[in-house]
Amino acid sequence: MESIAVKDFDLEKTLGCGQFFRYERKEDGSYLISLRDRLFSVRQEGSKLFFSGVPKEFVIRLFRLDENYQKIIKSISKDEFIRKTIKTNFGMRLMRQDPWECLISYICSANNNIPRIKKNLEMISMKFGKRIAHDAHKGFSFPNPGELSNYDKIRGCGVGFRSRFIHETNQTIEEGRLNSLKDRSYEEAREELIKLKGVGDKIADCVCMFSLEKLEAFPVDVWMRRVMLENYFKGEDPKKISNNRIREFGREYFGRYCGYANQFLFYYRRLQK
DNA sequence: CGTCAGGTAGCCA
DNA sequence: TGGCTACCTGAC
């Protein structure tokens, strides 16, 4: 099996931090990952990352192994608390997800819980995708834009009130246009995404950060709100702090790579605290 | 049985 | 802008 020498990288934390849903841990400690029409496995042993089913360049891109982690960590290390969250989950990296799959994933995440989000995406793949295989592993591809046109079938995936949003987004999105948001500014990309039904501030920021290269995004959900109020707005009246204000503060305070700070804070507050 | 979960749309002051 | 509330569904 091929391998890559890695440093400042922790596969388990990267997959487990909650940014990505379509993966499964196997008995031997390897992970089976589904991404659009790919099915592949990855396993880490110390500073070696073994992989099969995809080219090396794909793995490097996906896990951002091409970027200067130390530089980013240094730039967001603004205080003791954020340093603690980084130390706890050192090696966690943001992933470069596929914009379309990421968009649908996060539309599914609204007022939902992680086990069910995973199940929803699995069902969508089973009902709309194609059978794919990698070695002895079997799976389903994620459907392409335009292929989620059967509303009743979407309902059958257990996504509830999000069915309408998924259906509408499917009819609206032109994939080339979605992907080209990478070349637009963060503000423009965000604005475009919010025009979609079912996509508000938080989901737009997640899609920007996880799939459109916008590490200057700072999504604020309930967990981010909690951890920020507890550590950066101490003594202030929570009722007077809007999520938008938290977002603006986070972007300003942590700077250009605030998305990384965001994910460390999120991960820490959800699991460790 | 209620409650709750990684928000958002729609409506109103 | 900011502050409500309903919303599918399945697991406690």
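Our subject in this report is the structure included herewith. (Residues numbered from 1 in each chain as written. Chains lettered and ligands numbered in written order. Predicted model: local features only at pLDDT ≥ 70, side-chain atom pairs only at ≥ 80, totals over all residues. Heavy atoms only, no water.)

1. Structural notes on the pairing of strand β5 (residues 48-52)
On a regular strand, each side chain points to the face opposite its neighbour's, so the side chains alternate between the two faces of the sheet. Note the following rule: The cut-offs for exposure are 20% and 50% of the maximum accessible area for each residue type, with area from a 1.4 Å probe on protein chains only; residues under the lower value are buried, those over the upper are exposed, and the others partly exposed. Where helices and strands are cited, they refer to DSSP runs of H or I of at least four residues and of E of at least two residues respectively, numbered from the N terminus. Following DSSP output, two strands are said to pair if at least two bridges run between them.
Of all the 5 residues making up β5, 4 are buried; the element is thus mostly covered by neighbouring parts of the structure. Examined bridge by bridge, strand β1 (residues 2-5) and β5 share 4 bridges and lie antiparallel to one another. Looking at β5, one finds that Ala 5 is bridged to Lys 48. In this structure, strand β4 (residues 38-45) lies alongside β5, joined through 5 bridges in antiparallel fashion. Bridge assignment links Ser 41 to a residue of β5, and that residue is Ser 52. With antiparallel pairing between neighbouring strands as the criterion, β4 and β5 make up a hairpin whose turn holds 2 residues, including Gly 46 at a positive phi of roughly 60°.

2. Examining the packing of aromatic side chains
Here is the rule: Each Phe, Tyr or Trp ring (for Trp, its six-membered ring) is paired with any other whose centre lies within 6.5 Å, and the angle between the two planes then decides the class: stacked below 30 degrees, edge-to-face above 60, tilted in between.
Within this structure, the stated rule accounts for 19 aromatic pairs. Ring plane angle 85° and centroid distance 5.5 Å describe the contact between Phe 40 and Phe 58, whose orientation is recorded as edge-to-face. Placement of Phe 40 in strand β4 and of Phe 58 in helix α2 (residues 56-62) is noted, with a sequence separation of 18 residues between them. With respect to burial, Phe 40 and Phe 58 carry one shared label: buried. Each ring, one from Phe 81 and one from Tyr 268, has its centre 5.6 Å from the other, and the planes form 90°; the classification is edge-to-face.

3. Remarks on the protein's contact with DNA strand C
Short version of the rule: Note on definitions. A residue lies near a molecule or strand when any single heavy atom of the residue is within 4 Å of it. Here a polar contact is recorded for every N or O atom pair within 3.5 Å, except that within protein the pair must consist of a potential hydrogen donor and a potential acceptor, and residues adjacent in sequence are included only if both atoms are side-chain atoms. Each residue receives one of three labels: charged for Asp, Glu, Lys and Arg, nonpolar for Ala, Val, Leu, Ile, Met, Phe, Trp, Tyr, Cys and Pro, and polar for the others, Gly being one of them.
Surveying the vicinity of DNA strand C reveals the residues Asn 111, Arg 116, Arg 155, Gly 158, Val 159, Gly 160, Phe 161, Arg 162 and Lys 239. Counting only the atoms of DNA strand C within 4 Å of the protein, the fraction contributed by sugar and phosphate is 57%. With respect to DNA strand C, the side chain of Arg 155 contributes an N or O atom lying 2.8 Å from a sugar or linking oxygen. Phe 161 places a main-chain nitrogen or oxygen 3.0 Å from a sugar or linking oxygen of DNA strand C. In the surface near DNA strand C, the residues fall into 2 nonpolar, 3 polar and 4 charged.

4. What about the side chain of Ser 41?
Stated formally: Residues are treated as being in contact if the distance between any of their heavy atoms lies within 4.5 Å.
In this fold, Ser 41 is placed in strand β4. A polar side-chain atom of Ser 41 sits 3.1 Å from a polar atom in the side chain of His 134. Those residues in contact with Ser 41, other than ones at most four positions away along the chain, are Tyr 31, Leu 32, Phe 50, Phe 51, Ser 52 and His 134.

5. Remarks on the protein's contact with DNA strand B
The environment of DNA strand B is made up of 22 residues, and the closest members are Gly 18, Ile 114, Gly 200, Ile 203 and Phe 266. Counting only the atoms of DNA strand B that lie within 4 Å of the protein, the sugar and phosphate share comes to 58%. One of the backbone N or O atoms of Lys 202 is found 3.4 Å from a phosphate oxygen in DNA strand B. Taking Ile 203, its main chain carries an N or O atom lying 2.9 Å from a phosphate oxygen of DNA strand B. At the level of elements, α11 (201-211) and α12 (222-232) are the ones that each hand at least two residues to the surface near DNA strand B. Grouping the constituent residues of the surface near DNA strand B by class yields 11 nonpolar, 7 polar and 4 charged.

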